[in-house]
Amino acid sequence: MESPIDLGLTPGWPEGRLADQLRFLIELDRLKQVLRRNRVDGGSRRENTAEHSWHLAMFALVLAEHAPEPVDLKRVVAMLLVHDIVEIDAGDTYIYDEVGRATQEQREERAADRLFGLLPEDQRDMLRGLWDEFEAMATPESRFAKAMDRLQPLLLNSASAGVTWREHGVTAPRVRAANGAAGEEVPALAPVIEALVAEAVRRGWLPDA
């Protein structure tokens, strides 16, 4: 494979704001290389974080009518597209990895500083603000977005015969604890979550202890 173009040395390459924006957008391509623990429908391979973010945006578009209070859907979708950009530097932290979760906040804060810092100041503040809002879960939009972020992996685990749960020795009580907040934030999801967990227990994918 030939060496890639050094964009900064390319004749005619822009300077200033446009150059910063393009550099950020090229950097985002690395999100396609970050593999998550979850597998795609059917279990044939692991999902990458770029796929996950797109899928969550679609979840929000389709399920917004079930939000318990009105939400700014455009803001929710933007939040979901932004929320895992930090995994370019910090990697994906599995929700059931207690050791990794102990350092997750610090790793992701550093990643947010660097990655959003590639942008012009106004866009840096806008996108970093969306990321911070998602993490804080203090607005209706962020709570709905977080519920989508919990529901999608649960559905994928169910659609792939619980292979990731079984690989990591996850139990039903841990799944209920991790996903309970999604049912609280979006009550319409609560029976769906419980039905999926109960079926996984029945099939032997999740020990109920």
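Conventions adopted
Residues numbered from 1 in each chain as written. Predicted model: local features only at pLDDT ≥ 70, side-chain atom pairs only at ≥ 80, totals over all residues. Heavy atoms only, no water. Salt bridge = Lys/Arg side-chain N within 4 Å of Asp/Glu carboxyl O. Helix = DSSP H or I, 4+ residues; strand = E, 2+ residues; numbered from the N terminus. Buried < 20%, exposed > 50% of the residue type's maximum accessible area, 1.4 Å probe, protein only. Phe/Tyr/Trp six-rings, centres within 6.5 Å; stacked < 30°, edge-to-face > 60°. Polar contact = N/O pair within 3.5 Å; in protein donor to acceptor, adjacent residues only side chain to side chain. Patch = residues over 30% accessible without salt bridge, like charges linked within 9 Å, V, L, I, M, F, W, Y side chains within 5 Å. Areas by Shrake-Rupley, 256 points an atom, 1.4 Å probe, with all protein chains shown as cover. Axes fitted to C-alpha atoms, helices over the stretch in contact; angles between N-to-C directions. Parallel < 35°, antiparallel > 145°, perpendicular 65-115°, else oblique. Left-handed = near helix turned anticlockwise from the far one by under 90°. Contact = heavy atoms within 4.5 Å. Nonpolar A, V, L, I, M, F, W, Y, C, P; charged D, E, K, R; others polar. 1 Å grid on protein atoms, 1.4 Å probe; cavity = no way out; pocket = protein on both sides within 12 Å on 5 of 7 lines; lining within 4 Å. Points joined across faces, edges and corners; volume = space filled by probe spheres on them.

Novice: A description of the pattern of salt bridges should follow, citing residues and the corresponding values.
Specialist: What the rule picks out here adds up to 25 salt bridges. Glutamate 69 is paired through a salt bridge with arginine 143; the nearest N and O atoms lie 3.5 Å apart. Of this pair, glutamate 69 sits in the loop between helix H2 (49-63) and helix H3 (73-82) while arginine 143 sits in helix H7 (residues 140-159), and the two are 74 residues apart along the sequence. Residue class for glutamate 69 comes out partly exposed when judged on its relative accessible area of 36%.

Novice: Quick one: what's the story with the packing of aromatic side chains, residue by residue and with numbers?
Specialist: For the structure shown, the criterion picks out one aromatic pair. Both rings, one in tyrosine 94 and one in tyrosine 96, keep their centres 5.4 Å apart while their planes meet at 80°; by these two values the pair is edge-to-face. Of the two residues, tyrosine 94 and tyrosine 96, both sit in the buried class.

Novice: How would you sum up the side chain of asparagine 48? Please name residues and give values.
Specialist: Note that asparagine 48 resides in strand S2 (residues 46-48). Within the structure, asparagine 48 has its side chain in polar contact with the backbone nitrogen of glutamate 51 (distance 2.8 Å).

Novice: With reference to specific residues and values, describe a nonpolar patch on the surface.
Specialist: A contiguous nonpolar surface patch, about 410 Å² in accessible area, is contributed by Trp54, Met58, Leu61 and Val62. Residue leucine 61 is classed as partly exposed on the basis of its relative accessible area of 46%.

Novice: Outline the packing of helix H9 (residues 172-185) against helix H10 (residues 190-202), supporting the account with residue identities and numerical values.
Specialist: At a minimum axis distance of 9 Å, the contact between H9 and H10 shows a crossing angle of 170°. In terms of axis orientation, H9 runs roughly antiparallel to H10. Note on packing geometry: the crossing formed by H9 with H10 is right-handed. Along the contact surface, H9 presents Ala172, Val175, Arg176, Asn179, Ala182 and Gly183, while H10 presents Ala190, Ile193, Glu194, Val197 and Val201. Split by residue class, the contact of H9 with H10 holds seven nonpolar, two polar and two charged.

Novice: Help me get a handle on the layout of surface pockets, residues and values and all.
Specialist: Put simply, the largest pocket is a space of about 640 Å³. Lining the largest pocket are 31 residues, with Thr93, Arg101, Gln104, Asp149 and Arg150 positioned closest to its centre. Of all the elements in the fold, those that place two or more residues in the lining of the largest pocket are strand S1 (35-39), helix H5 (98-116), helix H6 (121-136), H7 and H9. Here the lining of the largest pocket gets six residues from one element, more than from any other, and that element is H7. For the lining of the largest pocket, the class distribution of residues is ten nonpolar, seven polar and 14 charged. Estimated volume of the second largest pocket: approximately 260 Å³. Taken together, 15 residues line the second largest pocket, and the ones lying closest to its centre are Phe24, Leu28, Leu81, Val82 and Ile85. When residues of the lining of the second largest pocket are assigned to their parent elements, the largest contribution, four residues, is made by helix H1 (residues 17-28).

Taken by themselves, the reported measurements are silent on function.
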